[in-house]
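Here is how the chains run, residue by residue.
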Amino acid sequence: MRNNAQNPPPSKGGARGGIPGSCLLMKGRINGKSERHSSNLCPQERGIVAFLALVVALSASNTRAAEQPPNIIFIMADDLGFAELGCYGQRIIRTPNIDKLAADGVRFTQFYAGSPVCAPCRCTLMTGKHAGHAYVRDNKEKGPWNKLSEKYGTEFTGQIPLPATEVTLAELLHQRGYATGAFGKWGLGHVGNSGAPTDQGFDLFYGFYCQRHAHNHYPAFLWRNDQKEQLPGNDGKSAKGQTYALDKFIENSLAFVRDHQKEPFFLYVPVTVPHLSIQVPADSLAEYAGKIPETPYKPPAGATYHYFPHPTPHAGYAAMVTRMDRGVGQIVELVHQLGLDDNTLILFASDNGPTYDRLGGADSDFFHSTDGLRGRKGSVYEGGIRAPLIARWKDKIKPGGEADQPAAMWDILPTLCEVAGAQPPKDIDGVSLLKTFTNNEPAPKRDYLYWEFPGYGAQQAVRAGDWKAVRTDLSKGPQRWQLYDLAADRTETFDVADEHRDVVERLAKFAEAAHTPSKQFRLPNVDKK
Ligand SMILES: [Ca+2]
């Protein structure tokens, strides 16, 4: 109010005797000065100055946007069934923030993981190659990389490492000038070997190198690049602790966004939820406890795995997903608060289908986690490899979009390269989905999608149009191809191979072309001895 008293009273246009809107020009001529302090300007002049300032600011911001590639945030859940999200039909588990992300962006209805288990899927994401070409094709822990135990004082020495020769998404974005950070579960090597994230394009990694280490959400320590950080209140052996790993991933992700808000950044958040064990802080559990029918979970006698017991596994599982959803909401909110909405592409996906056989107390039937699709984690039937994919980018992606374009994890690398203006390597299998994101246009044409997986009995699958060919149990002997028409039979119930021999032959040829034998990951009864 005091300012008003010092400044001239507001006047209507022309009240000083000039032509409305012309006083700046008049005074400029009269005084012969072009620069004056704004407090000496009449209201019309102030309006013009403010307008010009806005034009200058906008053009500067446009120039910056043109010069500076957009930020990219890729959040990936672990073993989350696509139908465990409200926006994909879930009725019990609440995921309001991810649902909002989908409502504000585009939701893919036929997106696929790169593999039905963790490490190989991460390899397809990082290299843009499907499992017929990818270096890592299964979770594998036995090998020379296991010899790091003594040096690093841990039994969790990670899976088979990505070799230095592989070009990763993080390296491509880093070369383009991006700050790169990963917070969560890596699974493609360990500090001390070629697969360390800091040797594969990331400035900063915080979390679990080894997937087995991540089976306890209250670990005694997590890695920050080559440093072990103890977590307060966790002994790493108990089902309970004080510091929940997911919370640390979100906390570090938020810090990374704040630290790098002025430069292009690539934030990769491969959270470890809702992978087993079922463990969640009490405040989250309270949201569901007593509201869902339960059978307490105890590991069966003689079980070879070591997932913790849980008195209310349904509530525990649902609470894990909802807590992850809260973390997603916190990241999205920070982007908004920092004014980065229109220059940040945010993606959400999962690495493979949901858990099978009530392992560790999980219950994919109870939650309808695959919306009726056949197969779970570890299977190349649809339920094992179908995954959510949501992309939000304010003003670039139309809100509320739904894309039925079949696409897969190995498409993410070329997509993000196009977003960033980086050149993807020539030997990848993926295609860019950017036009599907922004205009719901079909992705560049390709003949098929291909999966192979030497685990869980050894399997292959090919999708071409609505046809899907599957072979399972290759470890038991040579197997015939099954054939399903996904348009008519989404649950892969009716094998129509005998009725469509020509189709089987065509898809089998695709599989033959897609499969390159791997020394590390033999495909039994497909590879020659
Ligand atoms: Ca997984």
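Residues numbered from 1 in each chain as written. Predicted model: local features only at pLDDT ≥ 70, side-chain atom pairs only at ≥ 80, totals over all residues. Heavy atoms only, no water.

**Some details on the coordination of the calcium ion**
Piece 1. Note on the calcium ion: its protein donors are Asp78 (OD), Asp79 (OD), Cys118 (SG), Asp351 (OD), Asp351 (OD) and Asn352 (OD1). The metal-donor distances range over 2.2 to 2.7 Å.
Piece 2. Mapped onto the sequence, the donors of the calcium ion take the spacing D-D-x38-C-x232-D-N. Here the residue Cys118 occupies a position in helix H5 (residues 118–127), and Asn352 occupies one in the loop between strand S8 (344–350) and helix H11 (382–385), the gap between them amounting to 234 residues. Residue Cys118 shares its accessibility class with Asn352, and that shared class is buried. (Donors = N, O, S within 2.8 Å, 3.2 Å for Na, K, Ca; no water. Helix = DSSP H or I, 4+ residues; strand = E, 2+ residues; numbered from the N terminus. Buried < 20%, exposed > 50% of the residue type's maximum accessible area, 1.4 Å probe, protein only.)

**Things to note about the sheet that holds strand S13 (residues 459–464)**
Piece 1. The strand order S12-S13-S14-S15 describes an open sheet built from four strands, whose pairing is antiparallel. Here the strands that pair on one side only, and so sit at the sheet edges, are strand S12 (449–453) and strand S15 (482–485). Taken pair by pair, the neighbouring strands of this sheet meet at an average axis angle of 15°, ignoring direction.
Piece 2. With four bridges joining them, strand S14 (residues 467–471) and S15 adopt antiparallel strand pairing. Each residue of the ladder has a partner; that of Val470, found in S15, is Gln482. (Pairing = 2+ DSSP bridges. Axes fitted to C-alpha atoms, helices over the stretch in contact; angles between N-to-C directions.)

**Considerations on the side chain of His314**
Piece 1. By secondary structure assignment, the location of His314 is in helix H10 (residues 313–337).
Piece 2. Residue classification places His314 among the buried positions, given a relative accessible area of 6%.
Piece 3. Leaving out residues up to four positions away in the same chain, His314 has contacts with Ile292, Pro293, Glu294, Arg358, Asp363, Phe366 and Phe367. (Contact = heavy atoms within 4.5 Å.)

**A word on the packing of helix H4 (residues 96–103) against H10**
Piece 1. Look at H4 against H10: their axes get within 7 Å of each other, and the N-to-C directions meet at 50°. One way to sum up the angle between H4 and H10 is to call them oblique. The segment H4 lies against H10, with Pro96, Asn97, Ile98 and Leu101 engaging Met324, Asp325, Arg326, Val328, Gly329 and Val332. (Parallel < 35°, antiparallel > 145°, perpendicular 65-115°, else oblique.)

**A word on the packing of aromatic side chains**
Piece 1. Counting across every chain of the model gives 26 aromatic pairs.
Piece 2. A connected cluster of aromatic rings, assembled from ring pairs, spans Phe74, Tyr152, Trp186, Phe202, Phe205, Tyr209, Phe221, Trp223, Phe266 and Tyr268.
Piece 3. Seen from the ring of Phe521, Lys140 lies directly overhead, with NZ or CZ sitting 5.0 Å from the centre.
Piece 4. Just above the ring of Tyr381 sits the side chain of Arg374; from NZ or CZ to the centre is 3.8 Å. (Phe/Tyr/Trp six-rings, centres within 6.5 Å; stacked < 30°, edge-to-face > 60°. Lys NZ or Arg CZ within 6 Å of the ring centre and 35° of its normal.)

**A look at H5**
In an α-helix, one turn spans 3.6 residues, which is why side chains three or four residues apart end up on the same side.
Piece 1. Burial of H5 is extensive: ten of the ten residues sit out of reach of the surface.
Piece 2. For H5, the full list of buried residues reads Cys118, Ala119, Pro120, Cys121, Arg122, Cys123, Thr124, Leu125, Met126 and Thr127.
Piece 3. Looking at the buried positions of H5, the neighbouring elements they touch are strand S1 (71–77), helix H7 (169–175), strand S3 (179–185), strand S7 (265–270) and helix H12 (412–420).
Piece 4. Looking one or two places after H5, you find Gly128, whose phi comes out positive at around 70°.

**Describing the pairing of S3**
Piece 1. Taking burial as the measure, the seven residues of S3 include seven buried ones, the bulk of the element.
Piece 2. Direction of pairing for S3 relative to S7: parallel, over a ladder of four bridges. Paired with Gly181 across the two strands is Leu267, which belongs to S7.
Piece 3. Of the strand pairs in this sheet, S3 and strand S4 (residues 204–208) are connected by five bridges, and their pairing is parallel.

**Considering the pattern of salt bridges**
Piece 1. Taken as a whole and assessed by the stated rule, the structure comprises 31 salt bridges.
Piece 2. We note a salt bridge from Glu452 to Arg137, for which the minimum N-O separation is 2.9 Å. In this pair, Glu452 sits in strand S12 while Arg137 sits in the loop between H5 and helix H6 (149–152), placing the two residues 315 residues apart along the sequence.
Piece 3. For Glu452, a relative accessible area of 0% translates into the label buried.
Piece 4. Owing to a relative accessible area of 3%, Arg137 belongs among the buried residues under this scheme.
Piece 5. The network of salt bridges with common partners includes Asp78, Arg122, Lys185 and Asp351. (Salt bridge = Lys/Arg side-chain N within 4 Å of Asp/Glu carboxyl O.)

**Re the environment of Pro70**
Piece 1. Following the sequence through the fold, Pro70 ends up in the loop between helix H3 (43–67) and S1.
Piece 2. With a relative accessible area of 7%, Pro70 lands in the buried category.
Piece 3. C-alpha of Pro70 to C-alpha of Val419: the two residues are 349 residues apart in sequence and 7.2 Å apart in space.
Piece 4. Those residues in contact with Pro70 that sit more than four places away from it in its chain are Tyr178, Asn343, Trp393 and Val419.

**A closer look at unusual backbone geometry**
Piece 1. Here the amide bond leading from Val273 into Pro274 is cis, since omega sits at 0°, within 30 degrees of zero.
Piece 2. One can find Pro274 in the loop between S7 and helix H9 (282–285).
Piece 3. Unlike most non-glycine residues, His368 shows phi in positive territory, near 50°.
Piece 4. Here His368 is to be found in the loop between S8 and H11.
Piece 5. Overall, His368 belongs to the exposed group, its relative accessible area being 57%.
Piece 6. For Asp473, which is not a glycine, the phi torsion comes out positive at approximately 60°.
Piece 7. Within the element layout of this structure, Asp473 appears in the loop between S14 and S15.

**Notes on the packing of helix H8 (residues 245–259) against H10**
Piece 1. Relative orientation of the contacting elements H8 and H10 amounts to 10°, with a least axis distance of 10 Å. As far as their axial angle goes, H10 and H8 are roughly parallel. Contact with H8, carried on its side by Leu246, Asp247, Ile250, Ser253, Leu254, Val257 and Arg258, involves Arg323, Met324, Arg326, Gly327, Gln330, Ile331 and Leu334 of H10 and no other residues of that element.
Piece 2. Looking at the contact of H8 with H10, its residues break down into seven nonpolar, three polar and four charged. (Nonpolar A, V, L, I, M, F, W, Y, C, P; charged D, E, K, R; others polar.)

**Some details on H4**
Piece 1. Those residues of H4 lying buried are Ile98, Leu101 and Ala102. Buried residues of H4, seen end-on, are gathered within an arc of 100° and therefore sit on one face of the element.
Piece 2. Elements in contact with the buried residues of H4: strand S2 (106–112), H10, S8 and strand S9 (386–392). (Arc of directions from axis to C-beta.)

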